[in-house]
Amino acid sequence: MAEKNSTLTLLLYVVAWYVGNTYYNIYNKKALNLIHAHWSVAFAQLVVGIIVCIPMWITGIRKAPNLSMGDIKKLAPIGLFAAAAHGGSVLAMGAGAVSFAQVVKACEPVFAALVALVVKPVEFKSTLEYLMLLVIVGGVSLACVKEGKGIDINYFAFGWASFANLAAALKGKMGKDVTHELKADETKNMSAANSYAVMNILSAFWTLFVVLGTEASTFKDTWDHTLSDAAAACKKSATDPKCYTANDIVLNVFLSGVAYYLYNEFAFGFTAMVGAVTSSVLNTLKRVIIIVVTAAIFGEAMDKNAMIGSALAIVGVLLYSLAGAMKPKPPKADEKKQ
């Protein structure tokens, strides 16, 4: 019975993760299409997450983290990379098609492998893993080549997605030991859910600085101009896609924030239960769903090269994850002494 409950729990986590991620990409793209203040949108999404988690700590529904100032200082740089990864992803999807941003984001293992060679302690992958990285790069490269046109890249979307990949790789590399240490100390109350909640708060803190330095001074003008253009479109036709209200902007930003927080919490929880490899495999399959669904909803046409390249890159990520699982684990310290 316990095994059935465990299987059912895992299934529910995966469904919540997939549904949340899919809806996040939909509402996020809608919000980005409505207002061109993308760092502000990214910040607002993180704030929604804070609104979700803080009341649970205050009411006692969930035990609050018990972190010292020293712990927060250790986590702050990881929060910075998390903020950069989220902001880069949002700007990539705002600059181009969601499907294209997702294909480029499939290159994250490539960035992780490069970071592992540069940032200490240096880590080497297996030969098979490096070969799979070539498959990923080949697939993304093919997706950037349009039939009859040659290389056709949305450089802003490609650049921001790559920026997000680099930030995510640095977050994973530099945060691994710190987060494991805090989770191991039961007095810290750093469960998978709380670990993500703390990271979300730190990400919001860092993203606020970016907003203050980029969009804050022009946000009111951007908001007024956006609503003015929308009102003009509504006068021509109420069915015009450019006809919307302030409520539409707020609603899509809010819903994208809720979906973003919830899908990440379920993803963190699932990874804690099954391990990184299984989670990585399912994350790869999730990317397929997002590409198909968003391409259909937003009418993002994909030619033959884009479809083949996307499939190749995603299969490469899947095989890379499996290759990592095949690599023999290093002996533990006590085993080395024997």
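To start, this report covers the structure provided alongside it. (Residues numbered from 1 in each chain as written. Predicted model: local features only at pLDDT ≥ 70, side-chain atom pairs only at ≥ 80, totals over all residues. Heavy atoms only, no water.)

With respect to the packing of helix H4 (residues 98-105) against helix H7 (residues 155-184)
Step number 1: Packing of H4 against H7 leaves a shortest axis separation of 9 Å and a crossing angle of 40 degrees. Comparing their axes, H7 and H4 come out oblique. In this structure, H4 crosses over H7, and the sense of that crossing is right-handed. Counted together, Phe100, Ala101, Val104 and Lys105 of H4 and Ala157, Phe158, Ala161, Ser162, Ala164 and Asn165 of H7 form the full contact between these two elements.
Step number 2: Counted by class, the contact of H4 with H7 contains 7 nonpolar, 2 polar and 1 charged residues. (Axes fitted to C-alpha atoms, helices over the stretch in contact; angles between N-to-C directions. Helix = DSSP H or I, 4+ residues; strand = E, 2+ residues; numbered from the N terminus. Parallel < 35°, antiparallel > 145°, perpendicular 65-115°, else oblique. Left-handed = near helix turned anticlockwise from the far one by under 90°. Contact = heavy atoms within 4.5 Å. Nonpolar A, V, L, I, M, F, W, Y, C, P; charged D, E, K, R; others polar.)

With respect to a nonpolar patch on the surface
Step number 1: A cluster of nonpolar side chains, Leu8, Leu11, Leu12, Val15, Val19 and Tyr23, forms an exposed patch at the surface whose accessible area comes to about 560 Å².
Step number 2: Here valine 15 shows up in helix H1 (residues 2-34). (Patch = residues over 30% accessible without salt bridge, like charges linked within 9 Å, V, L, I, M, F, W, Y side chains within 5 Å. Areas by Shrake-Rupley, 256 points an atom, 1.4 Å probe, with all protein chains shown as cover. Salt bridge = Lys/Arg side-chain N within 4 Å of Asp/Glu carboxyl O.)

Observations concerning the packing of aromatic side chains
Step number 1: All chains considered together, the criterion is met by 15 aromatic pairs.
Step number 2: The interplanar angle of 50 degrees and the centroid separation of 5.2 Å between the aromatic rings of tyrosine 196 and tyrosine 261 together place this pair among those described as tilted. Placement of the pair is tyrosine 196 in helix H8 (residues 192-214) and tyrosine 261 in helix H10 (residues 246-274), with a sequence separation of 65 residues. A single burial state applies to tyrosine 196 and to tyrosine 261, both of which are buried.
Step number 3: Ring centres of tryptophan 206 and phenylalanine 209 lie 6.3 Å apart, and the angle between their planes is 45 degrees; on these two criteria the pair is classed as tilted. Here tryptophan 206 and its partner phenylalanine 209 are both found in helix H8, 3 residues apart, which amounts to about one turn of the helix.
Step number 4: We classify tryptophan 206 as partly exposed; its relative accessible area is 27%.
Step number 5: Residue classification places phenylalanine 209 among the partly exposed residues on the basis of a relative accessible area of 47%.
Step number 6: Each member of the aromatic cluster is reached from another via a ring pair, and the members are Trp17, Tyr18 and Phe270. (Phe/Tyr/Trp six-rings, centres within 6.5 Å; stacked < 30°, edge-to-face > 60°. Buried < 20%, exposed > 50% of the residue type's maximum accessible area, 1.4 Å probe, protein only.)

A word on the layout of surface pockets
Step number 1: The computed volume of the second largest pocket comes to approximately 320 Å³.
Step number 2: Around the second largest pocket, the lining is made up of 16 residues, and of these Ala97, Phe100, Ala143, Lys146 and Ala301 lie nearest the centre.
Step number 3: Listing elements by their share of the lining of the second largest pocket, those giving two or more residues are H4 and helix H12 (304-326).
Step number 4: No other element matches the 3 residues that H4 contributes to the lining of the second largest pocket.
Step number 5: Looking at the lining of the second largest pocket, its residues break down into 8 nonpolar, 4 polar and 4 charged. (1 Å grid on protein atoms, 1.4 Å probe; cavity = no way out; pocket = protein on both sides within 12 Å on 5 of 7 lines; lining within 4 Å. Points joined across faces, edges and corners; volume = space filled by probe spheres on them.)

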